[in-house]
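# Architecture and fold: a report
Spelled out from the first residue to the last, the chains are:
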Amino acid sequence: IFAHLLHTDAMAWNCLEYIHLNEEDTTSSSRIFIKILFQEISEFIGLPKLKDRLADPFMAQHFAGLMPRDNPRNTRFAINFFTSIGLGGITEGLRDHLRNMPKMIMAQQNQDQDSSSSSSSSSSSSSSSSSSDSDSDSSSSSSSSSSSSSSSSSRDSR
């Protein structure tokens, strides 16, 4: 009856936001309910239309528990669940997300390193500027030595 209510839009699809499809939050009984629910919805409206409904960007927040992207373990669990009940076609977005997850993690780590190095360099530059104010002779001598070393390295490359 729930599948009928959902596919006829007599019941709002946002009620599915209370389902968290992962190993910790579901029991075998709740998985059987989810299985029957989605198989019946698929029979009523067809797999392509169900896939479109679950991919709707306006409803994505309501399906976050069904199609978890929070960690790879939960994502794999949902993919395996839907595939095992014959609805693997609705998991293409999850599969792409899982495939791209290592790239996203690497990009995020690089971004975190860049932001932490820029914040540490700005704090070290502020501390070095305060020390150079007190001892301007040492900073000018270090800058002249660095310029002489750069000019000698340019001679070596000729």
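For the structure itself, consult the block above.
Reference entry: report on the structure contained in this document. Residue positions within a chain follow its written sequence, with the count starting from 1. Restriction of local features to residues with pLDDT of at least 70 applies here, the model being predicted, together with a cutoff of 80 or more for giving and counting side-chain atom pairs; totals for whole chains, interfaces and linings are based on all residues. Hydrogens and water are ignored here; the side-chain numbers use all heavy atoms of the structure.

On to the overall build of the chain, then. Looking only at helices and strands, one finds 6 helices and 0 strands in the chain. A total of 158 residues make up the chain; the buried ones form 25% of that total. Throughout, a residue-residue contact means that at least one pair of heavy atoms, one from each residue, lies within 4.5 Å. Across the chain, every contact between residues at least 6 apart in sequence was considered, and the portion connecting residues at least 24 apart equals 60%. Accessible area of the chain: about 10,100 Å², with a carbon and sulfur share of 53%. Secondary structure counts use DSSP, requiring at least four H or I residues in a row for a helix and at least two E residues in a row for a strand, with both numbered from the N terminus. Burial classification: accessible surface area is computed with a 1.4 Å probe over protein chains only, and a residue below 20% of its type maximum counts as buried, one above 50% as exposed, and the rest as partly exposed. Residue-level accessible areas treat just the shown protein chains as cover; the underlying method is Shrake-Rupley with a 1.4 Å probe.

Right, let's get into the packing of aromatic side chains. Any pair of Phe, Tyr and Trp rings, taking the six-membered ring for Trp, is counted once the centres come within 6.5 Å. Such a pair is stacked with planes under 30 degrees apart, edge-to-face with planes over 60 apart, and tilted for the rest. The tally for this structure, following the rule as stated, stands at 4 aromatic pairs. Relative to phenylalanine 33, the ring of phenylalanine 2 lies with its centre 5.7 Å away and its plane at 80 degrees, an arrangement referred to as edge-to-face. Of the two residues, phenylalanine 2 is situated in helix 1 (residues 2–7) and phenylalanine 33 in helix 2 (residues 28–45); the sequence distance between them amounts to 31 residues. For phenylalanine 2, a relative accessible area of 41% puts it in the partly exposed group. Between phenylalanine 38 and phenylalanine 82, the ring centres sit 5.5 Å apart and the planes meet at 80 degrees, which makes this aromatic pair edge-to-face.

We now examine the environment of glycine 89. Its location among the elements puts glycine 89 in the loop between helix 4 (72–84) and helix 5 (92–134). You can call glycine 89 partly exposed: its relative accessible area is 23%. Placed 41 residues apart in sequence, glycine 89 and proline 48 show a C-alpha to C-alpha distance of 8.2 Å. Discounting chain neighbours no more than four positions away, the residues touching glycine 89 are Leu47 and Lys51.

With that settled, the discussion passes to the nonpolar core. Think of a nonpolar core as a cluster: buried Ala, Val, Leu, Ile, Met, Phe, Trp, Tyr and Cys residues, connected wherever their side-chain atoms sit within 4.5 Å. Counting 26 residues, the largest nonpolar core has Trp13, Leu16, Phe38, Ile41, Leu50, Leu66 and Phe82 as the members making the most contacts within it. Of all the secondary-structure elements, those providing two or more residues to this core are helix 1, helix 2, helix 3 (47–54) and helix 4. Apart from residues no more than four positions distant in its own chain, phenylalanine 82 is found in contact with Leu21, Phe38, Leu66, Met67, Leu87, Gly88, Ile90 and Thr91.

By secondary structure assignment, the location of phenylalanine 63 is in the loop between helix 3 and helix 4. Considering only alpha carbons, one finds phenylalanine 63 and leucine 16, 47 residues apart in sequence, at a separation of 6.5 Å. Once residues lying within four places of it in the same chain are set aside, the contact partners of phenylalanine 63 are Trp13, Leu16, Arg53 and Leu54.

Let us now look at the side chain of threonine 91. In this structure, threonine 91 sits in the loop between helix 4 and helix 5. The exposure class assigned to threonine 91 is buried, which follows from its relative accessible area of 0%. Once residues within four sequence positions are removed from consideration, threonine 91 is found in contact with Ala78, Ile79, Phe82 and Thr83.

Glancing now at the pattern of salt bridges. The rule for a salt bridge is simple: a side-chain nitrogen of Lys or Arg has to be within 4 Å of a carboxyl oxygen of Asp or Glu. With the rule as written, the count across this model stands at 5 salt bridges. The partner of arginine 53 in a salt bridge is aspartate 9, with the nearest N and O atoms 3.1 Å apart. In this pair, arginine 53 is assigned in helix 3 and aspartate 9 in the loop between helix 1 and helix 2, connecting sequence segments 44 residues apart. With relative accessibility at 48%, the residue aspartate 9 sits in the partly exposed group.

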